[in-house]
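Working through the structure, step by step
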Amino acid sequence: MPSHQQAKPTRIRRMRTRGWRAGTARIVDRSSRYGNPWRIEGSVLICPDGTTQQLDFPTAARKEASARYRAWLDGDGPDTYTVGCKTFDRRRVLAGLPRLQSRDLACTCSLPTKGEPDYCHATVLLELAALPERTST
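Rules of the game
Residues numbered from 1 in each chain as written. Predicted model: local features only at pLDDT ≥ 70, side-chain atom pairs only at ≥ 80, totals over all residues. Heavy atoms only, no water. Pairing = 2+ DSSP bridges. Helix = DSSP H or I, 4+ residues; strand = E, 2+ residues; numbered from the N terminus. Contact = heavy atoms within 4.5 Å. Axes fitted to C-alpha atoms, helices over the stretch in contact; angles between N-to-C directions. Buried < 20%, exposed > 50% of the residue type's maximum accessible area, 1.4 Å probe, protein only.

Some remarks on the sheet that holds strand 2 (residues 26-27)
What holds strands together in a sheet is hydrogen bonding between their backbones, with the strands either parallel or antiparallel. Read across the open sheet, the three strands follow the order 1-8-2; overall the sheet is parallel. The strands lining the two open edges of the sheet, one partner per strand, are strand 1 (11-13) and strand 2. Bridge count between strand 1 and strand 8 (residues 105-107): three bridges; the pairing is parallel. Pairing of Arg13 across the sheet is with Cys107, part of strand 8. Set on the sheet, helix 4 (residues 121-129) makes contact with strand 1 and strand 8; between it and strand 8 the angle comes to about 165°.

Right under this line is the structure:
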């Protein structure tokens, strides 16, 4: 690859082990402004209002959580969700998209095996951050 071309940004897995560093990647897990208010535990989707949905497989739960995050960023539902003491604000996520442009993103979700789709909200953010109409100020 010529030196003037940058590699396409990717998602990396944020580790919570001693000494792990994100390097130049942006952390987008639930501790950040970019976190997904939908959570999964096994094959259970936990919605921001506390309701749950049992799905057939963990992959289906991940896919659903990712799809709901995308729909939320596209305008579905309220601007904010409060889960415990954390408030997730769609306007803040969208305003921060330019900060993610051309950056690798780090989330605690497991990485997919080769050939599998990546059902993680960080993948949604990578796609949105690459759209000029979403990141122009």
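Some points on the side chain of Thr123
If you trace the backbone, Thr123 turns up in helix 4. Thr123 sits in the buried class, given a relative accessible area of 17%. Filtering out sequence-adjacent residues up to four positions away, Thr123 remains in contact with Arg11 and Asp118.

Concerning unusual backbone geometry
Glycine aside, residues mostly have negative phi, and peptide bonds are mostly found in the trans state. Although it is not a glycine, Ser102 adopts a positive phi angle of roughly 65°. Within the element layout of this structure, Ser102 appears in the loop between helix 3 (97-100) and strand 8.

Quick notes on the sheet that holds strand 4 (residues 44-46)
In spatial order, the strands read 3-4-5; together these three strands make up an open sheet with antiparallel pairing. If you trace the sheet from one side to the other, it starts and ends with strand 3 (39-41) and strand 5 (52-54), each paired once. Taken over all neighbouring pairs, the strand axes of this sheet differ in orientation by 25° on average, direction set aside. Pairing of strand 3 with strand 4 involves three bridges; the strand directions are antiparallel. The residue of strand 4 that forms the bridge with Ile40 is Leu45.

Considering helix 4
Turn by turn, an α-helix covers 3.6 residues, leaving residues three or four places apart pointing in a common direction. A large share of helix 4 lies buried, amounting to eight of its nine residues. Residues of helix 4 that are buried include every one of His121, Ala122, Thr123, Val124, Leu125, Leu126, Leu128 and Ala129, and no others.

All quantities given are derived from atomic positions and should not be read as evidence of function.
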